[in-house]
Amino acid sequence: MKNLNTFKQDILVGSSILYKSNNSKFNKIKFMIDNMEDNLAFKEYIKLNKVNEKNEYNNILNKFKNRYINYRNSWVKVLDNKDRNYPLSVDIEIAAICDLACPHCHREYLVTPDKIINEELYKNIVDQAVKIGVPSLKLIWRGEPLLHPKLKDLITYAKKSGILDVIINTNATNLDEKKAKEIIDSGLDTLIYSFDGGTKETYEKMRPGRFKKNSFNNVYNNIKNFSIVKKNNNSKFPTTKIQMIMTKDTRGEIDAFYNLFNDYVDDVTVTQYNERGGEVDDLDPKLKLGILDYLKKNNLKSDTPYMVDLDGNVYISKKRKECEQIYQRLMVTYSGKVGMCCHDWGAKHTIGYLSKSAYEEENDISEVKKKIDQKKKGFELLKDAILPKQFNTPKKTVGNLDDIWHGEELKRVRKAHQNGEINSIDICKGCTFKDTYHWEKIKI
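Scoring rules and cut-offs
- Residues numbered from 1 in each chain as written.
- Predicted model: local features only at pLDDT ≥ 70, side-chain atom pairs only at ≥ 80, totals over all residues.
- Heavy atoms only, no water.
- 1 Å grid on protein atoms, 1.4 Å probe; cavity = no way out; pocket = protein on both sides within 12 Å on 5 of 7 lines; lining within 4 Å.
- Points joined across faces, edges and corners; volume = space filled by probe spheres on them.
- Nonpolar A, V, L, I, M, F, W, Y, C, P; charged D, E, K, R; others polar.
- Helix = DSSP H or I, 4+ residues; strand = E, 2+ residues; numbered from the N terminus.
- Pairing = 2+ DSSP bridges.
- Axes fitted to C-alpha atoms, helices over the stretch in contact; angles between N-to-C directions.

Draft legend 1. Region of the structure containing empty space enclosed by the protein. Under the counting rule described, the total for this entry stands at three cavities of 30 Å³ or more. For the largest cavity, the calculated volume is near 100 Å³. In terms of lining, the largest cavity is formed by R320, C323, I326, M340, C341, H343, D344, H417, I427, C428, C431 and T436. M246, R251, Q272, Y273, D282, Y306, M307, V308 and K434 are the residues that line the second largest cavity. Its residues placed into classes, the lining of the second largest cavity shows five nonpolar, one polar and three charged.

Put into structure tokens, the structure is as follows:
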């Protein structure tokens, strides 16, 4: 990397923020605190409660700021308080459908429904989250949120209901000027772009379209233009981040990736590749052989987990550690099925249900499998997808977020992690999430 500094993130082990000088590194927490008066949740609270007196206004503003600080500190130090009465985030899958067929994505290997969430169910989940004090919602999981036709309304509902931090990830294929204006007007706090590659060739290889050819130029211009629309609108929110997964192809394009986007987003980041079934080459073959040779010489199994960070440091892991996600968040599919971790694709280890429609998700999966087998348009690149296994099936009873967060299903998983028995939970046994491993630096 030329003239680039790296800053290791507090979360996502092995991942880094790129920047050129200490002065240019974006501090999101400071930004959110400094601009809390522009947070739609705060503005709506002031409006609804008709706060006009200056001291009262400032007291409420400070409470919002402190709540945000506590939420972010709690996220990083979540294992210091395992008995929290509410999740720090609820991730709601407003759209399971996606218009790309990325080779490093689970949906190419596990059949995934092409569905969007029912608006009534969504509002019910948001209302429950607000009631128990959840500070953050992430409106994403297996699909592309911009494909939900009421995205703006969904975001605004969450913000006006009092959610401090609303986040979406997007591939930006549909981020035209109209969508850009809607998102900016919605009150969204953070927009995260997923974009793999610093060149047209690598990007279009990593992110092929399902229904039509995906264009590097189109998506790049969408991201660039969003920045222009936001600036012209004189809007502070949403903050923006772009992230690229490190693979054999992208590792050599770090500088190009940074130079493409540094002027148009607040944060440029690179993240570790997590194996999801595609067996994408994540390292140069020579380095990978070096790691395998080290493992052999040290009498370690050939499948011992390894990690190489942006600076070329090599790590291996001989031991798992307690996962933070089971104390941070709940995941909800478009149908209302609840999972405990973003790496459990579609809640195969189900821990509860928020709607009777969740019982029928298997039917939606079967419909997609039929279209794949029939080689329907838009399903050709999904030909290797298989029906997902179900690792845990709780009693079919509609519950609520509070009950599920304190329920026996999640308690059992937490206990296994606390006792060092992670592999007793089938879905955790095969997890490749880097944050659940102890890493030891080695020399090749």
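Draft legend 2. The arrangement of the layout of surface pockets in detail. The space that makes up the second largest pocket amounts to roughly 700 Å³. Lining of the second largest pocket is provided by 24 residues; of these, D303, T304, P305, Y306 and T432 occupy positions nearest its centre. The dominant element in the lining of the second largest pocket, judged by the number of residues it contributes, is strand β10 (residues 314–320), at four residues. For the lining of the second largest pocket, the class distribution of residues is nine nonpolar, five polar and ten charged.

Draft legend 3. Molecular detail of the sheet that holds strand β9 (residues 306–308). Judged by pairing direction, the sheet is antiparallel, and its three strands sit side by side in the order β9-β10-β14 without closing on themselves. Strands with a single pairing partner mark the edges of an open sheet, and in this sheet they are β9 and β14 (437–442). Strand-to-strand twist in this sheet, taken as the mean axis angle between neighbours without regard to direction, amounts to 35 degrees. Looking at chain direction, β9 and β10 are connected through three bridges and run antiparallel. Looking across to β10, one finds that M307 is bridged to Y315.

These figures capture arrangement, not role.
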